[in-house]
Every structure is written in C-alpha cells, then in structure tokens.
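Here are the chains, one letter per residue:
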Protein chains: 2
Amino acid sequence: MNLLEMKQEECLELLSSERIGRLGCSKDGQSYIVPISYSLDENYLYSFSLDGQKIEWMRTNSAVCVQVDRLVAHDDWTSVIVCGRYEELPDQIGGKHIRERAWSLLSRHANWWEPGAVKPMTHSPAPHLFYRIRIESMTGRRAIQK
Amino acid sequence: MNLLEMKQEECLELLSSERIGRLGCSKDGQSYIVPISYSLDENYLYSFSLDGQKIEWMRTNSAVCVQVDRLVAHDDWTSVIVCGRYEELPDQIGGKHIRERAWSLLSRHANWWEPGAVKPMTHSPAPHLFYRIRIESMTGRRAIQK
C-alpha cells in the first residue's frame, strides 16, 4: 500500500461528492465529535443542527474541523481533514436568504442524515440552526494498492 | 424517526462490534480528527499509529474523544461518543507485554485499517506507537423508524 498526499482539487472533489462528515470541536481542551450532513459550496461547508452541546461549544470556540472519508478497503481509502471556522447563519429577516440557500444545498440529498435531523420547518417549536464552516485549510491522504 | 438515548451496555456493544472510529484531539483550541482502527478491551480502546501530528497533540493534551457509528439509513443509525484519556504504551522492555496484548487485540481484524498502517514490526525503522484511550464517559443515540 502506498500513501499519497492529495492535491487541493482532489480534496475538494471528495468533499463535494460525499455528504456525511465528522465535525470536531473542543471546549477547555476536551474534544467532541458528531457526525453531520453537509454540503460544500465554494469555500464553505453548510450544515444545520438542533441546538445542543456542539452548538454551545462552537459558539465558545469557533476553531473546528471536519473530517470526510471514503473507505473502500484497508488499502483503498481517501480521507480529508478541513480546518476552519464556525459561522452561525443569522435567524433574523436579514439572514433569511442565506438560510434558504443553505437549506437548498442540503436538501439536494434525498437521504441526508444528521442526529436529530428532521426537515427544518419555519413553524417548528424547536427550529434548526443553520451554520457553515469557512474552510481555512485542508489536507488529504489517499491509500492505493501497490 | 425517534431518537433514543442508549444505555451503557448498548454503547459497549457498538464499540465492541465495530473496529473503525474517529479520534478527536485538540491543541490550543484547534480540533483535529483522524480515522483509526481500534479494539475494545475492558475499559480501554487500543490502537496504534505511526508517529504524527495526532500523537504530538495527544501528548500535549490527553483529553480526547472517539466517535463510532453504524449508519444504515438516515432513519436507522447508531452513534456513540467516548470521552477519555490518551495513554501511550511504553516502548521499553517493561512495556513489551502490554504492547503485545494491544497487537493481539488489534490483529484479530484481518482488514483493520489506519492511515499509514502497516503491520507493526519490531525491526521497523519507523516503529508503530501503541496507545490506548481510557474510557471516562460515553453516550450514544439510536435512531429508529417510527
């Protein structure tokens, strides 16, 4: 098995073709990971969540990462790690456009998946919170059979 | 879809039946995630790695987490998050027994997987580093179809 460093465009190709990643955040030095559905658009990964621990943590510390992989076999896999900044999408009228854009991107996936996810409804008593991760750097590795 | 909090024994069942997880660590507030192969044994997750960024980070800050999931469909999945402490297994003669135990556990999986993984050889010029995560807490959620 050989390991190759991936080029930036190869990392982007993986990010755009997958839709489930693992979001990492930390608070007071303790790490936390949750699986998320996301959608790549330009330099951002869009996602949404029910309010919860990860949102509280990312509000306190916006330095997060998202890891995405495609595992075919132990000697055939690709993994990308994105480091970036958490940005909450505003809930006010001024933020309506960007929230709709986020939902439009995410709803392209018929079977998107997120813990606790249900279709975000404007009338929901527990509205979903939309956010995006601004990509600051990314690296990837690909394993290929010898 | 309904979401259920998992009992501790259900979390352990998932951890023992899966073998790939995502390890989260952080340094100076920046999170980092890597996929790992692991093996559960009593209150520890055993794994190994080539030396690299995650090892440096975990030496500096041992508060880590491991997330493991089984995703069947958007309304049929299980996810567990373990918070724990990184413990490096010693390379000295006194640590031989515990390293061999770790390798014995991990090598039960014919197709274990880790970025950069090759079978750890005692004669390797770049020996693998064995470590374990001492489980301090774990929580899990299960989605079931309504």
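Residues numbered from 1 in each chain as written. Chains lettered and ligands numbered in written order. Predicted model: local features only at pLDDT ≥ 70, side-chain atom pairs only at ≥ 80, totals over all residues. Heavy atoms only, no water.

1. What to know about the side chain of Asn61(B)
Part 1 of the reasoning: Checked against the element boundaries, Asn61(B) lands in the loop between helix H2 (53–60) and strand E6 (63–73).
Part 2 of the reasoning: Residue classification places Asn61(B) among the buried positions, given a relative accessible area of 17%.
Part 3 of the reasoning: Within the structure, the side chain of Asn61(B) is placed 2.7 Å from the backbone oxygen of Gly29(A), a separation counted as a polar contact.
Part 4 of the reasoning: One polar contact links the side chain of Asn61(B) to the main-chain amide nitrogen of Ala63(B), over a distance of 3.1 Å.
Part 5 of the reasoning: Apart from residues lying up to four places away in sequence, Asn61(B) is in contact with Gly29(A) and Ser26(B). (Helix = DSSP H or I, 4+ residues; strand = E, 2+ residues; numbered from the N terminus. Buried < 20%, exposed > 50% of the residue type's maximum accessible area, 1.4 Å probe, protein only. Polar contact = N/O pair within 3.5 Å; in protein donor to acceptor, adjacent residues only side chain to side chain. Contact = heavy atoms within 4.5 Å.)

2. Considering the environment of Arg132(B)
All names here are of chain B.
Part 1 of the reasoning: As for its placement among the helices and strands, Arg 132 is situated in strand E8 (residues 129–144).
Part 2 of the reasoning: Accessibility expressed as a relative area gives 15% for Arg 132, which makes it buried.
Part 3 of the reasoning: Between the alpha carbons of Arg 132 and Leu 40 there is a distance of 9.4 Å; along the sequence they are 92 residues apart.
Part 4 of the reasoning: For Arg 132, the side chain forms a polar contact with the side chain of Tyr 46, separated by 3.0 Å.

3. What to know about the interface of chain B and chain A
Part 1 of the reasoning: Between chain B and chain A, the contact holds 35 residues from the first and 35 residues from the second.
Part 2 of the reasoning: Interface area for chain B against chain A, summed over the two sides, is near 2,700 Å², with a carbon-plus-sulfur share of 61%.
Part 3 of the reasoning: Here chain B is connected to chain A by 2 salt bridges.
Part 4 of the reasoning: Residues Arg22(A) and Asp69(B) are paired through a salt bridge, measuring 2.7 Å at the closest nitrogen-oxygen approach.
Part 5 of the reasoning: Counting across the interface, chain B meets chain A through 14 residue pairs in polar contact (both at pLDDT 80 or more).
Part 6 of the reasoning: When residues of the side of chain B that touches chain A are assigned to their parent elements, the largest contribution, 7 residues, is made by E6(B).
Part 7 of the reasoning: Per-class residue counts for the side of chain B that touches chain A are 20 nonpolar, 11 polar and 4 charged. (Buried area = accessible area lost by both parts, 1.4 Å probe. Salt bridge = Lys/Arg side-chain N within 4 Å of Asp/Glu carboxyl O. Nonpolar A, V, L, I, M, F, W, Y, C, P; charged D, E, K, R; others polar.)

4. As for the side chain of Gln30(B)
Part 1 of the reasoning: Residue position: Gln30(B) is located in strand E3 (residues 30–37).
Part 2 of the reasoning: Among the polar contacts made by the side chain of Gln30(B), one reaches the main-chain carbonyl oxygen of Val64(A) at a distance of 3.1 Å.
Part 3 of the reasoning: The residues touching Gln30(B), leaving out its near neighbours within four places in the chain, are Ala63(A), Val64(A), Cys65(A), Cys83(A), Cys25(B) and Trp57(B).

5. Let's talk about helix H1 (residues 8–17) of chain A
Residue and element names in this part refer to chain A.
Part 1 of the reasoning: Of the positions making up H1, those classed as buried are Cys 11, Leu 14 and Leu 15. Seen from one end, H1 has its buried residues packed into an arc of 100°, which puts them on one side.
Part 2 of the reasoning: Buried positions along H1 lie against strand E4 (39–41), strand E6 (63–73), strand E7 (76–88) and strand E8 (129–144). (Arc of directions from axis to C-beta.)

6. Digging into the nonpolar core
Part 1 of the reasoning: Formed by 60 residues in total, the largest nonpolar core has its most connected members in Leu15(A), Leu23(A), Tyr131(A), Leu15(B), Leu23(B) and Tyr131(B).
Part 2 of the reasoning: In this structure, Tyr44(B), Tyr46(B), Phe48(B) and Leu105(B) belong to the second largest nonpolar core, which totals 9 residues. (Core = buried A, V, L, I, M, F, W, Y, C linked by side-chain atoms within 4.5 Å.)

7. Points about the confidence of the model for chain A
Residues and elements named next belong to chain A.
Part 1 of the reasoning: Predicted confidence across chain A gives a mean pLDDT of 82, with 82% of residues reaching 70 or more.
Part 2 of the reasoning: Looking across chain A, the model is least confident in helix H3 (residues 96–106), with a mean pLDDT of 75, and most confident in H1, with 96.
Part 3 of the reasoning: Reported confidence for the predicted complex is 0.81 by ipTM and 0.84 by pTM. (pLDDT = per-residue confidence, 0-100.)

8. Focus: the relation of the copies chain B and chain A
Look at the two chain copies: a rotation about an axis and a shift along it is all it takes to match them.
Part 1 of the reasoning: When chain B is fitted onto chain A, the two copies agree to an RMSD of 0.0 Å after a turn of 180° and an axial shift of 0.0 Å. The transformation relating the two chain copies, once decomposed into turn and shift, fits a two-fold axis.
Part 2 of the reasoning: An overlap of 100% is found between the interface residues of chain B and their copies at the interface of chain A, pointing to a shared contact surface. (Least-squares fit on C-alpha atoms with pLDDT ≥ 70 in both.)

9. Digging into unusual backbone geometry
Backbone geometry follows two general trends: most residues other than glycine have a negative phi, and most peptide bonds adopt the trans configuration.
All names here are of chain B.
Part 1 of the reasoning: A positive phi angle, near 50°, is found at Asp 28, a position not held by glycine.
Part 2 of the reasoning: When you line up the elements, Asp 28 lands in the loop between strand E2 (20–27) and E3.
Part 3 of the reasoning: The backbone of Glu 42 shows a phi angle near 50°, a positive value even though the residue is not glycine.
Part 4 of the reasoning: Tracing the backbone through its elements, the reader meets Glu 42 in the loop between strand E4 (39–41) and strand E5 (44–49).
Part 5 of the reasoning: Residue classification places Glu 42 among the exposed positions, given a relative accessible area of 73%.

10. Considerations on the state of the cysteines
Part 1 of the reasoning: One pass over the full model with this rule turns up 0 disulfides over all chains.
Part 2 of the reasoning: Looking at Cys83(A), it has no disulfide partner, and the nearest cysteine sulfur is the one in Cys65(A), 5.8 Å off.
Part 3 of the reasoning: Take Cys83(A): its relative accessible area is 17%, and that puts it in the buried class.
Part 4 of the reasoning: With no disulfide of its own, Cys11(B) lies 12 Å from the sulfur of Cys83(B), the closest cysteine sulfur.
Part 5 of the reasoning: Judged by relative accessible area, Cys11(B) falls into the buried class, the value being 0%. (Disulfide = S-S within 2.5 Å.)

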